[in-house]
Amino acid sequence: MSAKNLWIFVNIILALLPIVTNFLLIKIMKINKKWYETLTGGELFIFSTTISASAIGVTFFQGSLDNY
């Protein structure tokens with residue numbers, strides 16, 4: 001797996017998994033909620049933290065990431 005694919009998988013797909021899971025559970029269980037009410041559990045915070053940490057890591061450790 002290339003470094004770019006690994007970055008996409010870890011930082012995007014895994015970070016968005018809680019949000020997607022909530023949407024799926026709401027549809028499966030037929031819970032009557034608005035789409036924005038599903039984000040009250042802090043899942044969006046987890047996603048933004050993951051993206052920010054990745055950006056900081058790439059900025060500060062650019063030289064060490066070139067070896068991948």
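All of these numbers come straight from a predicted model, not from anything done at the bench.

## Quick look at the overall build of the protein
Phase 1: A count of helical and extended segments in the protein gives three helices and zero strands.
Phase 2: The helix and strand sequence of the protein, counted from the amino end, reads α-α-α.
Phase 3: The buried share of the protein, reckoned over its 68 residues, is 13%.

## Focus on the confidence of the model for the protein
Phase 1: Mean pLDDT over the protein works out to 77, with 87% of the residues at or above the 70 mark.
Phase 2: Of all secondary-structure elements in the protein, the lowest mean pLDDT belongs to helix H3 (residues 62-65), at 56, while helix H1 (residues 3-29) reaches the highest, 82.

Definitions and cut-offs
- Residues numbered from 1 in each chain as written.
- Predicted model: local features only at pLDDT ≥ 70, side-chain atom pairs only at ≥ 80, totals over all residues.
- Heavy atoms only, no water.
- Helix = DSSP H or I, 4+ residues; strand = E, 2+ residues; numbered from the N terminus.
- Buried < 20%, exposed > 50% of the residue type's maximum accessible area, 1.4 Å probe, protein only.
- pLDDT = per-residue confidence, 0-100.

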